[in-house]
Amino acid sequence: MSDLFAALSNPRPREDIADGAVLLHGFFRNTEAALIADLRAIVQQAPFRHMVTPGGHTMSVAMTNCGAKGWVTDRSGYRYDAHDPDSGKPWPAMPASFADLAMRAAEQGGFQNFAPQACLINRYRPGAKMSLHQDRDELDLGAPIVSVSLGLPATFLFGGLQRADRPQKFRLEHGDIAVSGGPARLAFHGIAPLADGDHPVMGPQRINLTFRKVQ
Ligand code: MD3
Ligand code: FE
C-alpha cells in the first residue's frame, strides 16, 4: 500500500485525548495476521477464564495473559504472578509480534524504549463491560500502558484522576491502539457494555491486549 493511500484510508490516525494519552487509529489495520495467529496459540496454552474480584464478583470480561508476569485477581486480591493459577505453568511467552507492536506504539505516544513485562488479554462478548477503575498494581508508574483493540468496536470511557470526574467517550475499533502514560497514567477509565455484532475477522467478540511494565 502506498503511503498516500494509507493516509487517505486512515484520515484520523492520531487523536490526542489528554496530556499523556493518545489514540492511534488504524495502527495495525490490514497487518494483523501474525498478531492473531500468535494470539490463538496463547489462548490454546492459557485459555480465557472469568476471574473473581476480591469482593466476590465474577468479571464479565474473560482474561488470560502472556509475558513474564500476568495480572490475576481472586478473593485474596489483585496481583501480578509469573504462573497461570489455573494450570500452575508459567504464562506463555510474549511473542515478538506483540512486543514489537507495543514498543512502536509507545514510541508514537512519546515513550521511548518501552519494554513490556506483562500482556493482559481481555475478551469481551456482547454485554461484557469494565467498570471505571485505575490501573495501579504496577510499581513503575513512569511507564505507559499500551492497549491494542481487536474485533467489535467499543465505547472507551476516559475520566480524570477522581472517580467522580465525568468520563469522556471515545470509540475503539479493530486496529486502534491507546497509549496512556505520564499525567494520564492514573486516570479512571473503563469500557461500556459491548454492543451486539459480528466482526469480519474476530467474530462476535472484542479482544483487548494491554501491555504493562510491572516492576
Ligand atoms: C487509561 N482495559 O485492562 S484499554 C485494563 O479495553 C483496561 O479492555 C480496557 O482498562 C479494555 O485495565 C481499556 C485502554 C486503557 C488501558 C489502560 C489505561 C486506558 C488507560 C491506563 C490509564 C489510563
Ligand atoms: Fe485499566
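Look above for the structure.
Here the structure is a predicted model, which is why all the values come from computation and not from measurement. (Residues numbered from 1 in each chain as written. Chains lettered and ligands numbered in written order. Predicted model: local features only at pLDDT ≥ 70, side-chain atom pairs only at ≥ 80, totals over all residues. Heavy atoms only, no water.)

Novice: Explain the sheet that holds strand E3 (residues 62-67) to me, and be specific about the residues and the numbers.
Specialist: Consider a sheet: its strands pair through backbone hydrogen bonds, and that pairing is either parallel or antiparallel. Within the open sheet, the seven strands sit side by side as E1-E2-E11-E8-E13-E6-E3. Their pairing is antiparallel. Each end of this open sheet is capped by a strand with a single partner; those strands are strand E1 (14-18) and E3. Adjacent strand axes in the sheet meet at a mean angle of 20° when their direction is disregarded. In this sheet, strand E6 (residues 118-124) lies alongside E3 in antiparallel orientation, the contact comprising six bridges. Among the inter-strand pairings, Met63 is bridged to a residue of E6, identified as Asn122. (Pairing = 2+ DSSP bridges. Helix = DSSP H or I, 4+ residues; strand = E, 2+ residues; numbered from the N terminus. Axes fitted to C-alpha atoms, helices over the stretch in contact; angles between N-to-C directions.)

Novice: Kindly report on the nonpolar core, identifying the contributing residues and their values.
Specialist: In terms of nonpolar packing, the biggest core is built from 30 residues, with Phe98, Ile121, Val146, Leu150, Leu209 and Phe211 touching the most fellow members. Elements that contribute at least two residues to this core include exactly strand E2 (21-24), helix H2 (33-45), E3, helix H3 (96-108), E6, strand E8 (145-151), strand E11 (177-180) and strand E13 (206-212). Tallying contributions element by element places H3 first for this core, with five residues. Not counting the four nearest positions on each side in its chain, Leu150 is found in contact with Phe28, Leu35, Ile36, Leu39, His174, Met202, Gln205, Arg206, Ile207 and Leu209. Ile17, Phe158, Phe170 and Leu194 belong to the second-largest nonpolar core, a separate cluster that totals 29 residues. (Core = buried A, V, L, I, M, F, W, Y, C linked by side-chain atoms within 4.5 Å. Buried < 20%, exposed > 50% of the residue type's maximum accessible area, 1.4 Å probe, protein only. Contact = heavy atoms within 4.5 Å.)

Novice: Kindly report on the coordination of the iron ion (ligand 2), identifying the contributing residues and their values.
Specialist: Of the protein atoms, only His133 (NE2), Asp135 (OD), Asp135 (OD) and His189 (NE2) coordinate the iron ion (ligand 2), at distances of 2.0 to 2.8 Å. One can describe the donor arrangement at the iron ion (ligand 2) as irregular, given that its six donor atoms subtend angles of 50 to 174° at the metal. In the primary structure, the donors to the iron ion (ligand 2) are separated according to the pattern H-x1-D-x53-H. Taken together, the residues span a long stretch of sequence, with His133 in strand E7 (residues 130-133) and His189 in strand E12 (residues 189-191) at a distance of 56 residues. According to the relative accessible area criterion, His189 is buried, its value standing at 16%. (Donors = N, O, S within 2.8 Å, 3.2 Å for Na, K, Ca; no water. Tetrahedral: all angles 85-135°; square planar, octahedral: opposite > 155°, others 65-115°.)

Novice: With reference to specific residues and values, describe the packing of aromatic side chains.
Specialist: Enumeration over the complete set of coordinates arrives at three aromatic pairs. Aromatic side chains Phe98 and Phe211 sit 6.0 Å apart centroid to centroid with 80° between the ring planes, which places their arrangement in the edge-to-face category. In this pair, Phe98 is assigned in helix H3 and Phe211 in strand E13, connecting sequence segments 113 residues apart. Comparing Phe98 with Phe211, the two get one shared label, buried. One Lys or Arg, Arg206, reaches over the ring of Tyr124 and ends 5.1 Å from the middle of that ring. (Phe/Tyr/Trp six-rings, centres within 6.5 Å; stacked < 30°, edge-to-face > 60°. Lys NZ or Arg CZ within 6 Å of the ring centre and 35° of its normal.)

Novice: Describe in detail the site of ligand 1, supporting the description with residues and values.
Specialist: Around ligand 1, a shell composed of 20 residues is seen, among which Asn122, Tyr124, His189, Arg206 and Arg212 lie nearest. Asp135 is positioned such that a nitrogen or oxygen atom in its side chain is 3.2 Å from an oxygen atom of ligand 1. Arg206 places a side-chain nitrogen or oxygen 2.9 Å from an oxygen atom of ligand 1. Applying the majority rule of atoms within 2 Å of the grid points places ligand 1 in the largest pocket. Looking at the shell around ligand 1, the elements that each hand over two or more residues are E6, E7, E8, strand E9 (154-158), E12 and E13. Looking at the shell around ligand 1 element by element, the count peaks at four residues for E13. When grouped by side-chain class, the residues that make up the shell around ligand 1 number nine nonpolar, seven polar and four charged. (Near = heavy atom within 4 Å. Polar contact = N/O pair within 3.5 Å; in protein donor to acceptor, adjacent residues only side chain to side chain. 1 Å grid on protein atoms, 1.4 Å probe; cavity = no way out; pocket = protein on both sides within 12 Å on 5 of 7 lines; lining within 4 Å. Sits in = over half its atoms within 2 Å of the grid points. Nonpolar A, V, L, I, M, F, W, Y, C, P; charged D, E, K, R; others polar.)

Novice: Describe the environment of Thr73, and please don't skip the residues or the numbers.
Specialist: Locating Thr73 in the fold gives a position in strand E4 (residues 70-74). Taking the C-alpha atoms as reference points, Thr73 and Pro54, separated by 19 residues in sequence, lie 7.0 Å from one another. Aside from chain neighbours lying at most four places away, what touches Thr73 is Met51, Val52, Thr53, Pro54, Met59 and Tyr78. In terms of polar contacts, Thr73 uses its side chain to reach the backbone carbonyl oxygen of Val52, at 3.0 Å.

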